[in-house]
Amino acid sequence: MQVVATGTLIFLIIGGAGVAVLALALLGTELLHFGNPDFDGPVSVEAVAGFTGALGFGAAIANELLGGRTPAMIAVALTGGLVAAAPTAWAASRLSRAARDMRTDPTPTRHHLVGALGLVVTPVPADGYGEVRVRVAGQPVKLNARADRPIPVGAQIFVVEALSETSVHVETY
């Protein structure tokens, strides 16, 4: 039976706490914000959590490799943990900032349907609904369609008006 050194156990607990805080911060639980939730301070929670986790796990690994049973060896293991923690904190800070500042496209709405080109997949009668397939923001969307005159299957269409989120008024193209 192998016994884990007390220093290693303490470092593992520190590393585990860092990982738990990092998981909570990345999931956006807002548990760790004090005062104004939009102000992260000079150092982000993700960076502190990444630093703590890498410090704990790096020092635990170094302590086991060195066989750290004396205070001097534990101090050397702690230095090894600090060497691992600095780049980890920097990377966590950069990655979390990049994720927060990532530019995204707006969510398409019914107004984005107007002007879309597509094909008739179910005939559109003059007095009822058929079905058309159009592309909106690069994604194929199947919609109910009305028209002023009948349109056969396979005809190319142009969306003139969005009647609702799922139905449009079309003309042949």
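Residues numbered from 1 in each chain as written. Predicted model: local features only at pLDDT ≥ 70, side-chain atom pairs only at ≥ 80, totals over all residues. Heavy atoms only, no water.

### Quick look at the overall build of the protein
From N to C terminus, the protein includes three helices and five strands. When the elements of the protein are put in sequence order from the N terminus, they spell out α-α-α-β-β-β-β-β. Burial status across the protein gives 30% buried among its 173 residues. Element-wise, carbon and sulfur atoms account for 65% of the exposed surface of the protein, whose accessible area totals about 11000 Å². (Helix = DSSP H or I, 4+ residues; strand = E, 2+ residues; numbered from the N terminus. Buried < 20%, exposed > 50% of the residue type's maximum accessible area, 1.4 Å probe, protein only. Areas by Shrake-Rupley, 256 points an atom, 1.4 Å probe, with all protein chains shown as cover.)

### What about helix 2 (residues 45–66)?
Taking 1.5 Å of rise per residue, 22 residues should cover 32 Å, and helix 2 covers 31 Å from first to last C-alpha, within 8% of that figure. Remark: G67 follows helix 2 within two positions and exhibits a positive phi of approximately 70°. (Expected span 1.5 Å × (residues − 1).)

### Some remarks on a nonpolar patch on the surface
On the surface, L117, F158, V160 and Y173 cluster together to form a nonpolar patch covering roughly 390 Å² of accessible area. The topology assignment puts L117 in strand 1 (residues 117–122). (Patch = residues over 30% accessible without salt bridge, like charges linked within 9 Å, V, L, I, M, F, W, Y side chains within 5 Å. Salt bridge = Lys/Arg side-chain N within 4 Å of Asp/Glu carboxyl O.)

### A short note on the packing of helix 2 against helix 3 (residues 71–100)
Running from N to C, helix 2 and helix 3 cross one another at 150°; their axes reach a closest spacing of 6 Å. Here helix 2 is positioned roughly antiparallel relative to helix 3, judged by the angle of their axes. Crossing of helix 2 against helix 3: the hand is right-handed. In terms of residue class, the contact of helix 2 with helix 3 is built from 18 nonpolar, seven polar and two charged. (Axes fitted to C-alpha atoms, helices over the stretch in contact; angles between N-to-C directions. Parallel < 35°, antiparallel > 145°, perpendicular 65-115°, else oblique. Left-handed = near helix turned anticlockwise from the far one by under 90°. Nonpolar A, V, L, I, M, F, W, Y, C, P; charged D, E, K, R; others polar.)

### A look at empty space enclosed by the protein
Per the stated rule, a full pass over the model turns up one cavity of 30 Å³ or more. Roughly 50 Å³ of internal volume is contained in the largest cavity. In terms of lining residues, the largest cavity is bounded by A147, D148, R149, I151, V170, E171 and T172. Its residues placed into classes, the lining of the largest cavity shows three nonpolar, one polar and three charged. (1 Å grid on protein atoms, 1.4 Å probe; cavity = no way out; pocket = protein on both sides within 12 Å on 5 of 7 lines; lining within 4 Å. Points joined across faces, edges and corners; volume = space filled by probe spheres on them.)

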